[in-house]
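Chain by chain, the residues run as shown.
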Amino acid sequence: MSVMIRTENLTKFYGKNRGVIDLNLEVQRGEIFGFLGPNGAGKTTTIRTLLDFIRPTRGSATIFGLDSRRDSLEIRKRTGYMLADLTLYRNMTAAEFLRYFGHLRGGVEWRFVQELAERLESDLSQPIRALSRGNRQKIGLIQALMHRPELLILDEPSSGLDPLIQREFYNMITEARDDGRTALLSSHVLPEVERLCDRVGIIREGRLITVEHVASLKERALRRLEIRFAVPVTEEVFAGLPGVSDLRVENNTLHCTVMGSLDPIIKAAARLPVVDLISHQPSLEEVFMTYYGGGDEHAK
């Protein structure tokens, strides 16, 4: 695979405030790359700098082998972009908005626009001012996809979508990848990135902490479990199991944290009468603290 996006020491400060610092990143052609981090980590700053909406303090970036500043117009022609804080023209209908953007791009196949709208259950006849946040999000996705771009850059794209529409969106992005196109997906939702992406770059406090294959990330999946038993249990029964920590028993219920495979603790629990088992998805910040430590001193 060739490199689709490359940054070299990309840095952006807003006065004295940090945006991103010395970001060195490569996204390969034909992959879905997850850009993962909590709100305020620097994801949106990176994307806006890549597309030349803002200028870097120092460093450089290339997309399609083109300079992100000098060749920004050509890059945007070949890119589908959806921003996180989506603002649409409220006095237009959804169809008028999409036709307008289609004309700006030199024309799009309207039948394909309608197909996208059907898949996302989007009524294009509705005025944008009457649409809910989730329905406006659908229009933003359609405008990013409708010209079949070589590169998709999507900032928090599934925010506000209901679960069934999210699943259809995931199918669309996977189909684009299977068609040889590339996607950079910014998110703060770990399960979404795990489901969609081939590789993940994790950013925290403006610095790229690591780049990993999703398979590697899943091997170290972190879960908090509650297992309720029909009989009293003790922590000693589960102490020393691989990946199990933070053991605590209250009222016949075992509370613990598990990193990696659940197999050892499930087998141990199966020796006793289990009444209920609840798995809690940890917050992204908890994942960072567990995997990568507490702050910039761990960044690279």
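Residues numbered from 1 in each chain as written. Predicted model: local features only at pLDDT ≥ 70, side-chain atom pairs only at ≥ 80, totals over all residues. Heavy atoms only, no water.

Student: Help me understand the overall build of the protein in this model?
Tutor: The secondary structure content of the protein amounts to 10 helices and 14 strands. Taking the principal axes of its C-alpha atoms as reference, the protein extends roughly 70 × 45 × 35 Å. Within the protein, contacts between residues at least 6 apart in sequence are counted, and of these 68% link residues at least 24 apart. Surface exposure of the protein reaches about 14,600 Å², of which carbon and sulfur atoms provide 47%. (Helix = DSSP H or I, 4+ residues; strand = E, 2+ residues; numbered from the N terminus. Contact = heavy atoms within 4.5 Å. Areas by Shrake-Rupley, 256 points an atom, 1.4 Å probe, with all protein chains shown as cover.)

Student: Got a minute to help me understand the environment of isoleucine 128 in this structure?
Tutor: You can see isoleucine 128 is positioned in the loop between α4 (110-119) and α5 (133-145). Between the alpha carbons of isoleucine 128 and leucine 88 there is a distance of 7.2 Å; along the sequence they are 40 residues apart. Residues in contact with isoleucine 128, not counting those within four places in the same chain, are Leu88, Tyr89, Arg90, Met92, Thr93, Ala94, Phe97 and Arg136.

Student: Help me out: how do you make sense of the environment of phenylalanine 53 in this one?
Tutor: As for its placement among the helices and strands, phenylalanine 53 is situated in the loop between α1 (43-50) and β4 (58-63). Exposure remark for phenylalanine 53: the relative accessible area of 41% places this residue in the partly exposed category. Along the backbone, phenylalanine 53 and leucine 222 are 169 residues apart, and their C-alpha atoms lie at a distance of 36 Å. The contacts of phenylalanine 53, once residues within four sequence positions are left out, are Arg48, Arg76 and Tyr81. (Buried < 20%, exposed > 50% of the residue type's maximum accessible area, 1.4 Å probe, protein only.)

Student: Just checking my understanding: could you explain the sheet that holds strand β13 (residues 253-259) for this structure?
Tutor: Each strand in a sheet pairs with another by means of backbone hydrogen bonds, the pair being arranged parallel or else antiparallel. Pairing within the open sheet is antiparallel, and its 4 strands lie in the order β12-β13-β11-β14. Edge positions in the sheet fall to β12 (244-250) and β14 (274-280), since each of these pairs with one other strand and no more. Across this sheet, the average inter-strand angle for adjacent strands is 15°, counted without regard to direction. Examined bridge by bridge, strand β11 (residues 222-229) and β13 share 7 bridges and lie antiparallel to one another. Within the sheet, the bridge partner assigned to isoleucine 227 lies in β13 and is leucine 254. (Pairing = 2+ DSSP bridges. Axes fitted to C-alpha atoms, helices over the stretch in contact; angles between N-to-C directions.)

Student: Any chance you could explain the layout of surface pockets here in plain terms?
Tutor: Which parts of space are left empty comes out when a probe the size of a water molecule is rolled across the atoms. Reported here for the largest pocket is a volume of approximately 520 Å³. Phe53, Arg76, Phe101, Arg105 and Gln143 are the residues nearest the centre of the largest pocket, which is lined by 18 residues in total. Residue assignment for the lining of the largest pocket shows that the elements contributing at least two residues are α2 (72-77), β6 (79-82) and α3 (94-104). Here the lining of the largest pocket is built from residues that sort into 12 nonpolar, 3 polar and 3 charged. Its volume calculated, the second largest pocket comes out at about 240 Å³. Taken together, 16 residues make up the lining of the second largest pocket; nearest its centre are Asn39, Gly40, Lys43, Thr44 and Asp155. Mapped by element, the contributors of at least two residues to the lining of the second largest pocket are β2 (17-28) and α1. With 4 residues, α1 is the largest single contributor of residues to the lining of the second largest pocket. Its residues placed into classes, the lining of the second largest pocket shows 2 nonpolar, 8 polar and 6 charged. (1 Å grid on protein atoms, 1.4 Å probe; cavity = no way out; pocket = protein on both sides within 12 Å on 5 of 7 lines; lining within 4 Å. Points joined across faces, edges and corners; volume = space filled by probe spheres on them. Nonpolar A, V, L, I, M, F, W, Y, C, P; charged D, E, K, R; others polar.)

Student: Any chance you could explain the packing of aromatic side chains here in plain terms?
Tutor: Each aromatic ring pair is summarised here by two numbers: the centre-to-centre distance and the angle between the ring planes. Inspection of the entire model under this criterion finds 7 aromatic pairs. With centroids separated by 6.0 Å and ring planes inclined at 70°, the aromatic side chains of tyrosine 89 and phenylalanine 97 adopt a geometry described as edge-to-face. You can call phenylalanine 97 buried: its relative accessible area is 3%. The ring of tryptophan 110 carries arginine 99 above its face, with NZ or CZ at 3.8 Å from the centroid. (Phe/Tyr/Trp six-rings, centres within 6.5 Å; stacked < 30°, edge-to-face > 60°. Lys NZ or Arg CZ within 6 Å of the ring centre and 35° of its normal.)

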